[in-house]
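Listed below, chain by chain, are the residues.
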Amino acid sequence: MFKSITAKLTLLFTCLAVLIALISGLSFTALYSNHLRDQEKKEMESCATQVAQLIKNENMLATLDRKLPTIGYIAQSTGYDIWVCHSTGTFFITGSKTNPSRLSDLSGNANAFVSDVLQGYSHIGDDFSDFLRTDSLSVGVPILSSTSSGEKIAGAVILHSTESSYRTFVHTSWLYIFAMVVVALLLSFGVGLIFSSQFVKPLKEISATAAEMSHGNYDVRVGHLNQPELNMIGDSINSLARTTKDSVSD
């Protein structure tokens, strides 16, 4: 019976500790990963906007050979995959290995993404994951050009990130959470075993004393216990033993 109580208390203590470690790890991962995700989006939007402004200021879309080596250098330095699309749907060569030639080469969400940007809308999402064949986050901003009648849409900058600090953090966090759970499991099992044993030990003494009394030994006494609640029970059993002994003696 006492082994069963020890096992149940140890299991309960272990489960609580593991649950706390798991909830704490998941909560931290969720909160901080969202912060990283938002930060990454802001950095990508800022980079895409700066590239669009550079293209506008340098009138880069006027080139006839469709090559934009400067954008290729920016892509190498930032680690982003950068596409530049003309308002006619033709993509410029920026050194990107995934760069399509024309808008018609894209389909589905990817095509709609670029088309919306060419209409003047900024976008952010994972619409290119299927085309790039990997998880990606993409940002699109329009390129404006100044004319005598005002500004018009000259093209679009599409910036992709496949090496995400957000994803790296999430993957690393899962490893840390697993390690936390294992450590919590081992520590809580050890502490729970010690705690439950200390809790069960006084119960064993009380039970043994009661068993001796049931066999007629009224001289047996429960010693001092470290738990006040159990001390009250022990004192009651000792009092019963003395009373019973006195009654038998009379």
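Heads up: the structure comes first, above all this text.
Residues numbered from 1 in each chain as written. Predicted model: local features only at pLDDT ≥ 70, side-chain atom pairs only at ≥ 80, totals over all residues. Heavy atoms only, no water.

Peer 1: Looking at this model, I keep getting lost on the layout of surface pockets. Mind explaining?
Peer 2: The probe, sized like a water molecule, is rolled over the atoms to show the empty space still left. Taken as a whole, the largest pocket spans an internal volume of roughly 240 Å³. Taken together, 16 residues form the lining of the largest pocket, with Gly72, Gln76, Thr94, Gly95 and Ser96 sitting closest to its centre. For the lining of the largest pocket, the element with the highest residue contribution is helix α2 (residues 69–78), accounting for 5 residues. Counted by class, the lining of the largest pocket contains 7 nonpolar, 6 polar and 3 charged residues. (1 Å grid on protein atoms, 1.4 Å probe; cavity = no way out; pocket = protein on both sides within 12 Å on 5 of 7 lines; lining within 4 Å. Points joined across faces, edges and corners; volume = space filled by probe spheres on them. Helix = DSSP H or I, 4+ residues; strand = E, 2+ residues; numbered from the N terminus. Nonpolar A, V, L, I, M, F, W, Y, C, P; charged D, E, K, R; others polar.)

Peer 1: Which parts of the structure should I look at to understand the packing of aromatic side chains?
Peer 2: Ring pairs (aromatic) are described by centroid distance and by the angle formed between their planes. For the structure shown, the criterion picks out 4 aromatic pairs. Considering the side-chain rings of Trp83 and Phe128, the 5.4 Å spacing of their centres and the 90 degrees angle between planes classify their relative orientation as edge-to-face. Taken as a pair, Trp83 in strand β1 (residues 81–86) and Phe128 in the loop between β2 (123–125) and α4 (129–132) lie far apart in primary sequence, 45 residues in all. Owing to a relative accessible area of 0%, Phe128 belongs among the buried residues under this scheme. (Phe/Tyr/Trp six-rings, centres within 6.5 Å; stacked < 30°, edge-to-face > 60°. Buried < 20%, exposed > 50% of the residue type's maximum accessible area, 1.4 Å probe, protein only.)

Peer 1: Just checking my understanding: could you explain the pattern of salt bridges for this structure?
Peer 2: When their charged atoms lie close together, side chains carrying opposite charge are able to pair. In the structure shown here, the tally under the stated rule is 1 salt bridge. Here Glu151 ties to Lys56 by a salt bridge, and the two come within 2.6 Å at their closest N and O atoms. With Glu151 in strand β4 (residues 150–161) and Lys56 in helix α1 (residues 2–57), the pair connects residues that are 95 residues apart, well separated along the chain. (Salt bridge = Lys/Arg side-chain N within 4 Å of Asp/Glu carboxyl O.)

Peer 1: For this particular structure, what's the right way to read the nonpolar core?
Peer 2: Generally speaking, nonpolar side chains in soluble globular proteins are found buried as a group. With 23 residues, the main nonpolar core has Val51, Ile55, Ile71, Ile82, Val84 and Val157 as its most contacted residues. Not counting the four nearest positions on each side in its chain, Val51 is found in contact with Ile71, Ile74, Ile82 and Val157. Listed in part, the 14 residues of the second largest apolar core include Leu106, Phe113, Leu118 and Ile158. (Core = buried A, V, L, I, M, F, W, Y, C linked by side-chain atoms within 4.5 Å. Contact = heavy atoms within 4.5 Å.)

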